[in-house]
Amino acid sequence: MWNDLKQRANAARANSILELCQQDSRFEDFSIKHGDLLFDYSKTHLKAADLDMLVDMVKDVPTRRNAMFSGEKINQTEGRAVLHTALRNLDGGPVKVGGNDVMPEITATLKRMQQFADDVRSGIFQGQGGAITDVVNIGIGGSDLGPAMATLALAPYHNGPRTHFISNVDGADATDKLALLKPETTLVIVASKTFTTIETMTNATTVRKWMETVVRDPAEQFVAVSTAAEKTAAFGIPSERVFGFEDWVGGRYSMWGPIGLSLMLAVGPDAFEEFLRGAQDMDVHFQTADLAKNMPIMLALIGLWHHQGMTFPTRAVLPYDQRLSRLPAYLQQLEMESNGKSVAMDGSAVETVTGPVVWGEPGTNGQHAFYQLIHQGRTVVPCEFIVAAQGHEDHLTEHHTLLLANCLAQSEALMAGRSMDVARGLMAAKGFEGAELERQAAHRVFEGNKPSTTLIYPKLTPFVLGQLIALYEHRVFVEGVILGINSYDQWGVELGKELAVSLTPVVEGNQSADNKDSSTRGLIEYVHSLRG
């Protein structure tokens, strides 16, 4: 399969995207609408026959998709179901794991979250110095990136306490975030399923000590998102302020439940429910739409076409929405932690490369940074543009018009490029002649024929954000099924964590570094020399 894909993709490199897009039906045939969302992939090298071949690759996806939604243990290396979708199953029926319906517990937890959020936002629940003014979420990875990204994205809907996120074990993170906060009116959420994550628990202890300088009992202003009841109790957090979730919700897929508590506190239970409904809407689309008109499936297939087929090593995610500035980092974790694998589900080596390097920044800032390489560098970078038709700032419509124009111009420029003849004409008009004309013109040539996709949504509302995130979650699932890998474990995260634990006493100077390699030993010795 992979050799056939590469051969077809290599042949397609000769296709002119510009010529393809001059066909009247191109946009209609190579784009998908779902509600008010539009996914356009017409600015790629794909022809109809290529598209048919790609769709044939997803023949196993419906079966695996149904297995996921029905609660089967598709995370086979850990023996777990994968049911983050159940957290937003607001209008669906029972979802069973091991014969037990998990929906009553999910619904009960959601109601507890809503009640607690209402109590905090209304002032019923207060700090030891008055109403809660600030919320600090302490987590890392999926316990941080999701809610941090979504809270920023939904800034226009904030009507609750201010939210802050501490994730890095670097003491600078906690110090800088706490500098302007008051312990007596700050609520702290410690998000760790096991309540043992070293970075999170180190930061939680530091924040508790910070609160102890002012308040009588810091634990009265702590909340835990965890399933480790004994450990949360030992920390001093009462059971009524502990919100758990099951092992069939992976960290990077978890903000739909208790990990999203910080978001709910910021925007309120109603807006949070709209966020869930947007994701549920995409779940239904993913389960019911025809394969060739299924947005997550086609988003995945375009990604495979570019990375596994055309062998482009990276993918740029370029939201033209400042409030989605954390989206590239969120999608980086979602895809690279899910599909950055070298072993197939059956334990054999995979037959092809798996996940690409995912990176990006918001436009228009990126245009004045790395777009130079995208346009004129020798490495082809498929670009995924994401933009809203409307902004929230009605009094600044000219800003959003300019933003949209820039977004659409970038995809057009990547496609069309600029030929040497056109560049000569531009330089001749400026008065250049002869060899200098040729030299100056050469610097202004754009190769063009570089692929991009564009995702357009009406406005960044809670519902739309839910749709977008669920879309990308299902994209990762589809890619994983076709690659034959398990997208829901992350063993690559473990080794470094284990070694860090063993190295800590060595860095402290309490153990010898003699059993380490010469490079690591030399680094430790140099650190010791600087620390005195």
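Throughout what follows, the structure given in this document is the object of discussion. All values derive from a computational prediction rather than experimental measurement. (Residues numbered from 1 in each chain as written. Predicted model: local features only at pLDDT ≥ 70, side-chain atom pairs only at ≥ 80, totals over all residues. Heavy atoms only, no water.)

Each helix and strand counted, the protein chain has 21 helices and 15 strands in total. Taking 24 Å as the expected radius of gyration for a compact globule of 532 residues, we find that the protein chain reaches 25 Å, a close match to that expectation. Along the first, second and third principal axes, the C-alpha atoms of the protein chain reach 80 × 60 × 60 Å. Across the 532 residues of the protein chain, 51% fall into the buried class. Across the protein chain, the fraction of contacts at a sequence separation of at least 24, relative to all contacts at a separation of at least 6, is 75%. Total accessible area computed for the protein chain in this model is approximately 23600 Å², and 52% of it derives from carbon and sulfur atoms. (Helix = DSSP H or I, 4+ residues; strand = E, 2+ residues; numbered from the N terminus. Rg over C-alpha atoms; globule rule 2.2 N^0.38 Å. Buried < 20%, exposed > 50% of the residue type's maximum accessible area, 1.4 Å probe, protein only. Contact = heavy atoms within 4.5 Å. Areas by Shrake-Rupley, 256 points an atom, 1.4 Å probe, with all protein chains shown as cover.)

Another point: unusual backbone geometry. It is generally the case that most residues other than glycine have a negative phi and that most peptide bonds are trans. Each neighbour pair has its own omega, and for Gly 363 with Thr 364 the value is 15°, a cis peptide bond. With respect to the helices, strands and loops of the structure, Thr 364 is situated in the loop between β13 (357–359) and α15 (371–376). For Thr 311, which is not a glycine, the phi torsion comes out positive at approximately 60°. Counting through the fold element by element, Thr 311 comes out in the loop between α13 (295–309) and β12 (314–320).

A few words now on the sheet that holds strand β10 (residues 222–225). Strand order in the open sheet formed by five strands is β8-β7-β9-β10-β11, with parallel pairing between adjacent strands. In the strand order of this sheet, the two ends are held by β8 (162–166) and β11 (242–243), each with one partner. Of the strand pairs in this sheet, strand β7 (residues 134–138) and strand β9 (residues 186–191) are connected by five bridges, and their pairing is parallel. In the sheet register, Asp 134 faces β9, and the bridge partner there is Thr 186. (Pairing = 2+ DSSP bridges.)

Now for helix α19 (residues 462–483). Under the 1.5 Å per step criterion, the end-to-end length of α19 is 32 Å for 22 residues, consistent within 8% with the ideal 32 Å. The element α19 is largely enclosed, with a buried count of 21 among its 22 residues. Gly 484 sits one or two positions beyond α19 and adopts a positive phi of about 75°. (Expected span 1.5 Å × (residues − 1).)

The geometry of two aromatic rings is summed up by the distance between their centres and the angle between their planes. Going through the model one piece at a time under the given rule, you end up with 14 aromatic pairs. Judged by centre distance (5.7 Å) and plane angle (70°), the ring pair of Phe 30 and Tyr 41 falls under edge-to-face. Within this pair, whereas Phe 30 is found in the loop between α3 (26–29) and β1 (31–34), its partner Tyr 41 is found in the loop between β2 (37–40) and α4 (48–56), the two being separated by eleven residues in sequence. For Phe 30, a relative accessible area of 6% corresponds to the buried category. According to the relative accessible area criterion, Tyr 41 is buried, its value standing at 1%. (Phe/Tyr/Trp six-rings, centres within 6.5 Å; stacked < 30°, edge-to-face > 60°.)

This part is about the side chain of Thr 454. Here Thr 454 lies in strand β15 (residues 452–457). The residues touching Thr 454, leaving out its near neighbours within four places in the chain, are Leu 38, Phe 39, Asp 40, Phe 385 and Ser 411.

Below, the discussion takes up helix α16 (residues 397–416). When the terminal C-alpha atoms of α16 are compared, their 28 Å separation across 20 residues agrees well with the 28 Å that a helix rising 1.5 Å per residue should span. Taken together, the buried positions of α16 are His 400, Leu 403, Cys 407, Gln 410, Ser 411, Leu 414 and Met 415. Summarising the axial view, the buried residues of α16 lie within an arc of 140°, below the 170-degree limit, and thus occupy one face. Exposed positions of α16 whose direction lies more than 90 degrees from the buried face are Thr 401 and Leu 402. Just past α16, the residue Gly 417 takes up positive phi, approximately 65°. (Arc of directions from axis to C-beta.)

Looking now at the state of the cysteines. Throughout the structure, instances matching the rule amount to zero disulfides. Cys 407 provides the cysteine sulfur closest to Cys 21, a residue in no disulfide bond, and the two sulfurs are 15 Å apart. Under the relative-accessibility criterion, Cys 21 is labelled partly exposed at 26%. Using a relative accessible area of 1% as the deciding quantity, one classes Cys 407 as buried. (Disulfide = S-S within 2.5 Å.)

We now examine the packing of helix α6 (residues 103–122) against helix α12 (residues 269–288). Relative orientation of the contacting elements α6 and α12 amounts to 145°, with a least axis distance of 10 Å. Within the contact between the two elements, α6 uses Leu 110, Met 113, Gln 114, Ala 117, Asp 118 and Arg 121 and α12 uses Pro 269, Phe 272, Glu 273 and Leu 276. In terms of residue class, the contact of α6 with α12 is built from six nonpolar, one polar and three charged. (Axes fitted to C-alpha atoms, helices over the stretch in contact; angles between N-to-C directions. Nonpolar A, V, L, I, M, F, W, Y, C, P; charged D, E, K, R; others polar.)

Let us look at the pairing of strand β14 (residues 383–388). Of all six residues making up β14, six are buried, and the element is well covered by its neighbours. Judged by which residues are buried, β14 turns out to be covered on both faces: Cys 383, Phe 385 and Val 387 on one side and Glu 384, Ile 386 and Ala 388 on the other are all buried. Here β12 pairs with β14 via five bridges, running parallel. Within β14, the residue paired with Tyr 320 across the bridge is Val 387. Strand direction decides the pairing type here: β14 and β15, joined by six bridges, are parallel. Paired with Ala 388 across the bridge in β15 is Tyr 457.

Hydrogen bonds between backbone atoms are what pair the strands of a sheet, whose relative direction is either parallel or antiparallel. Pairing is mixed in the open sheet, where six strands are placed in the order β1-β2-β15-β14-β12-β13. Each edge of the open sheet is held by one strand with a lone partner, namely β1 and β13. Looking at each pair of strands side by side, their axes are set apart by 15° on average, direction ignored. Those strands touched by α13 are β1, β2, β12, β14 and β15, and its axis lies near 25° from that of β2. Its contacts with the sheet put helix α14 (residues 327–339) on β12, β13 and β14, and the angle it makes with β13 is roughly 165°.

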